[in-house]
Amino acid sequence: MAVLEVSNLTKVYGEGEAKVVALNNVSFSVEKGEFVAIVGASGSGKSTLMNQIGGIDNPTSGSVKIEGKEITSMDEDELAIFRRRNVGMIYQFYNLIPTLTTEENIMLPWLLDGRKENRDKLNEIVNALGLNTRAKHLPGEMSGGQQQRVSIGRALINNPAFVLADEPTGNLDSKTGKEIMDLLKYSNQMFNQTVLIITHDDKIALQTDRIITMRDGNIINDEVIKK
Ligand code: ADP
Ligand code: MG
């Protein structure tokens, strides 16, 4: 079964003179274990697509199924819970809670769900991300690369259907960016974690297995580059 199935997805902003078709009838699907890049120039609709498949915004029309569940018909509360449990989001500027430690930020999806913490699982992730010596630090006490590793931990903690990363290396120098890409690759290869990366950087895209190219709200190319 596809972990993500997008069918005829359209998003229109504004109306009249101000109308923008940010996504124009987009369809594609992603199977478990795929490592996919979504590329395209600024304004091509990448972030709009991310917001629809991440359940952050509602499309104008069309369907988004995550592990077979239609998310576009869920109400806001339902969607917030579904998203927290099934989609791991990673952002360019990390979006960590500044008053929470590394461990607390990573466990945030559990805290929000009122779930008991699973120390073994937490330690496994903290260790895999090389954050053991930073477990009690606040985001402001860490480098950009370390903060992004914390956000990867938060994204992975619930074994999501897929990880969705919007320009995850966009705010990092190239060496640190490579470390972040290596961690995403590692999670893909070691845990068969499905990963979607949104990027405008061809060098990043070429490290994945499949590149979906967008232009003016359309998919103009979709190609497997590694197998
Ligand atoms: P990308 O992430 O590829 O740079 P976006 O998805 O942000 O592209 O934007 C796609 C198009 O939709 C652009 O023309 C942009 O100006 C427009 N757009 C994005 N968000 C909004 C919004 N909230 N209101 C109106 N237009 C928007
Ligand atoms: Mg964008």
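Structure's up top.
My aim in this report is to walk through the structure given alongside it, one point at a time. Just so it is clear, the model here is predicted, and its values are computed rather than measured.

Reading the values: rules and limits
- Note that residues are indexed from 1 along each chain, following the sequence as it is written.
- For naming, the first written chain is A and the first written ligand is 1, with later ones following in the order written.
- Local features are withheld for residues below a pLDDT of 70 in this predicted model, meaning they are given only at 70 or higher, and side-chain atom pairs are given and counted only at 80 or more; totals for whole chains, interfaces and linings count all residues.
- To obtain the side-chain values, all non-hydrogen atoms of the structure were used and water was disregarded.
- Each helix is a run of DSSP H or I of at least 4 residues and each strand a run of E of at least 2, with the numbering of both proceeding from the N terminus.
- For the radius of gyration, the atom set is restricted to C-alpha positions; the globular benchmark scales as 2.2 Å times the number of residues to the power 0.38.
- Whether two residues are in contact is decided by their heavy atoms: any pair within 4.5 Å suffices.
- Using the Shrake-Rupley algorithm and a 1.4 Å probe, accessible areas are obtained, with residue cover drawn only from the displayed protein chains.
- When charges are counted, Lys and Arg are positive and Asp and Glu negative, with His and the chain ends excluded.
- Positions of charges follow a simple convention, taking NZ of Lys, CZ of Arg, CG of Asp or CD of Glu.
- Strand pairing is assigned whenever DSSP identifies at least 2 bridges connecting the two strands.
- Only protein atoms enter the 1 Å grid used here, on which a cavity is any set of points holding a 1.4 Å probe that cannot leave and a pocket is any open set flanked by protein within 12 Å on both sides along at least five of seven lines; residues with an atom within 4 Å of a point are listed as lining.
- Grid points are joined across faces, edges and corners, and a volume is the space filled by probe spheres set on the points.
- When residue character is reported, Ala, Val, Leu, Ile, Met, Phe, Trp, Tyr, Cys and Pro are called nonpolar, Asp, Glu, Lys and Arg charged, and the others, Gly included, polar.

## A word on the overall build of the chain
Consideration 1: Helix and strand counts for the chain come out as 7 helices and 10 strands.
Consideration 2: Taking 227 residues into account, the globule formula puts the C-alpha radius of gyration at 17 Å, and the chain, at 17 Å, falls close to it.
Consideration 3: Expressed as lengths along the three principal axes of its C-alpha atoms, the size of the chain is roughly 50 × 40 × 35 Å.
Consideration 4: Excluding contacts between residues fewer than 6 apart, the proportion of contacts in the chain whose partners are at least 24 apart in sequence is 69%.
Consideration 5: Taken as a whole, the chain presents about 11100 Å² of accessible surface, with 47% of it coming from carbon and sulfur.
Consideration 6: A distance of 5 Å separates the average location of the 25 positive side-chain charges in the chain from that of its 30 negative side-chain charges.

## Notes on the sheet that holds strand β1 (residues 2-13)
Consideration 1: In space, the 4 strands of this open sheet follow the order β2-β1-β4-β5, with antiparallel pairing throughout. Either end of the sheet is taken by a strand with one partner, and the two such strands are β2 (20-31) and β5 (69-70).
Consideration 2: Pairing analysis gives 2 bridges linking strand β4 (residues 61-66) to β5, with the strands arranged antiparallel. The residue of β5 that forms the bridge with Ile-66 is Lys-69.

## Focus: empty space enclosed by the protein
Consideration 1: Inspection of every chain in the model, using the stated rule, returns 1 cavity of 30 Å³ or more.
Consideration 2: As for the largest cavity, its lining consists of Gln-52, Gly-55, Asp-57, Asn-58, Pro-59, Ile-71, Thr-72 and Leu-79.
Consideration 3: Residue composition of the lining of the largest cavity, by class: 3 nonpolar, 4 polar and 1 charged.

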